[in-house]
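# Descriptive structure summary
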Amino acid sequence: MKFVFFSPHFPSSSSEFAIRLHQEGATVLGIGDAEYTSLEPRLQAALTEYYRIDSMEQQDDILRAVGFFTHKYGKMDRFESMNEYWLESDAQMRTDFNIEGTKADFVDNLKQKSKMKDFFQKSGVDTVRFLKNPDQESAAAFIQQNGFPVVVKPDLGSGASMTYKLSDQEELDYFLHTRPEDTEFIMEEFVDGIILTYDGLIDRDGIIRFQASHRFEQSIMKVVSDDDHLRYFCLKDVDPEVEQAGRSILQAFDIKERFFHIELFKSNKDGRLIALEVNMRPPGAWMTDAINYAYDVDVYSLWAQMVVHGGKGEPPAGHYYTGYASRKDWKTYAHTHEEILQQFGAGIVRYGEIEAIFSRASGNRAYQFRADTLEGVRAIADYIQAERH
């Protein structure tokens, strides 16, 4: 298999996927804007060739790179990045060079939140009521029907950037008068609840080869707006209701040979499971490693085996609950790093700094840890994030 890996160096987990592809026998051809000498040695060894471009935003530069590889190695079998930001570039290259995978005519359904809603309805999973491109008149009618608070967010994009909870008319008026003119927004009803994810691998035949689930008990929107620290937990088992909803959504989108990350609300009010959004790529914030620690697997290898050889084998069972707890440089914490290691010992499985571009949502540095129970990982997170007042 000849696999063009777009941006194999960023985010940092991308290199692990590229390395595992090479280990499975694929010819891995990298395209990126970093100097080759700056790539980590393990990634350099995994790449058969690397084509450096000046800008990842310039389609002509990417076209020339893929054209060069095609002329030298023959028709490419796959073109992929592991980053939500490059979904459109990925799809355009697959379209231009007739490479298997999602094409340009479908990618908006995976990028625009308003278009995702149609597929949620097709899946039969509840979704939040929403309004596209709110203005003074349409927003008033929407709020008349649904009440405050409401959430506004860019229709296109991932994460919680420019996502706001509006609690009254004054906040709504401020948003309508100050929002960027070059960004289309959607307005959604506010759901008080936790986020449960459905993550995993679906093969080229539409068979789910691996599944996992994460639990977020904080509002990510509030984490970003307050510049707060983040926590989440990778669960040992996938809730049957989450699995059923996730499988229905994947079937509605008819997605094949992908790492998927589906976000669902669990309403505190009535217990309903409500589809929030889909991301057809690996989850961020160290969640791939959370899966590895919870299931004692190498999910990077599972993905590479699926892509190169097709689906095979039985999915592993979970062994632990894995937690993630970040810290913010501006906060003062009650316990030192040394005290954390002394208190929990081998339960701490990873500690490191977060890439600066992700630090607003994910923290400046973070711990991963595991325990036999959800209460166990929650207690470790409480200890790590306890603040000194």
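Below: a short report on this structure. Please read all numbers here as calculations on a predicted model, not as lab measurements. Throughout, residues of each chain are indexed from 1 in the direction in which the sequence is written. Confidence filtering applies because this is a predicted model: local features only for residues at pLDDT of at least 70, side-chain atom pairs given and counted only at 80 or more, and all residues used for totals across whole chains, interfaces and linings. In computing side-chain values, all of the structure's heavy atoms are included and hydrogens and water are not.

## Some words on the pattern of salt bridges
The term salt bridge refers to a side-chain nitrogen of Lys or Arg lying within 4 Å of a carboxyl oxygen of Asp or Glu. Tallied over the full model, the rule gives 36 salt bridges. One salt bridge connects D298 with R20, and the closest N-O pair in it is separated by 2.8 Å. Here D298 is found in the loop between α11 (287–295) and α12 (299–309), whereas its partner R20 is found in helix α1 (residues 14–23), with 278 residues between them in sequence. When its relative accessible area of 11% is taken as the criterion, R20 is described as buried. Secondary structure follows DSSP: runs of H or I at least 4 residues long count as helices, runs of E at least 2 residues long count as strands, and numbering of each begins at the N terminus. Accessibility here uses a 1.4 Å probe with only protein chains present; expressed as a share of the type maximum, an area under 20% marks a residue as buried, one over 50% as exposed, and anything in between as partly exposed.

## A closer look at the environment of G284
Structurally, the position occupied by G284 is in the loop between β15 (273–279) and α11. With a relative accessible area of 34%, G284 lands in the partly exposed category. In this structure, the C-alpha to C-alpha distance between G284 and N83, residues 201 residues apart in sequence, is 9.1 Å.

## Some details on the packing of helix α3 (residues 59–73) against helix α4 (residues 87–96)
For the pair α3 and α4, interaxial distance at closest approach is 11 Å and the crossing angle is 50°. For the element pair α3 / α4, the angle class is oblique. Taken as a pair, α3 and α4 cross one another with a handedness that is right-handed. Along the contact surface, α3 presents Q59, I62, L63 and V66, while α4 presents S89, Q92, M93 and D96. Orientation is described by axes fitted as lines to C-alpha atoms, over the contacting stretch for helices, and by angles from 0 to 180 degrees between their N-to-C directions. In these notes the angle categories are as follows: under 35 degrees is roughly parallel, over 145 is roughly antiparallel, 65 to 115 is roughly perpendicular, and the rest is oblique. A clockwise turn of the near helix away from the far one marks a right-handed crossing, whereas an anticlockwise turn of less than a right angle marks a left-handed crossing. Here, residues are in contact when the closest pair of their heavy atoms is within 4.5 Å.

## Comments concerning α11
The buried count for α11 comes to eight of nine residues, which makes it a mostly enclosed element. Inspection of α11 places M287, T288, D289, A290, I291, N292, A294 and Y295 among the buried residues, and these make up the whole buried set. One or two positions beyond α11, positive phi appears at D296, with a value near 55°.

## Description of unusual backbone geometry
Following F10, the chain continues into P11 via a peptide bond in cis, with omega recorded as -5°. Considering the arrangement of structural elements, one finds P11 in the loop between β1 (2–6) and α1. Cis geometry marks the peptide bond from F148 to P149; its omega dihedral reads -5°. Looking at the element boundaries, P149 is found in the loop between α7 (136–146) and β7 (150–154). Of note in the backbone geometry, N133 takes a positive phi value of approximately 50° without being a glycine. Relative to the helices and strands, N133 resides in the loop between β6 (130–132) and α7.

## Some thoughts on the pairing of strand β3 (residues 49–52)
Here a strand pair is declared whenever DSSP counts at least two bridges between the two strands. With four bridges joining them, strand β2 (residues 27–32) and β3 adopt parallel strand pairing. Bridging across to β3, G30 finds its partner in Y50. Note on handedness: a clockwise path from strand one over the helix to strand two, with the strands aimed away from the viewer, defines a right-handed crossover. With respect to chirality, the unit in which β2 leads through helix α2 (residues 41–46) into the neighbouring parallel β3 is right-handed.

By themselves, these are just geometric observations and shouldn't be taken as functional.
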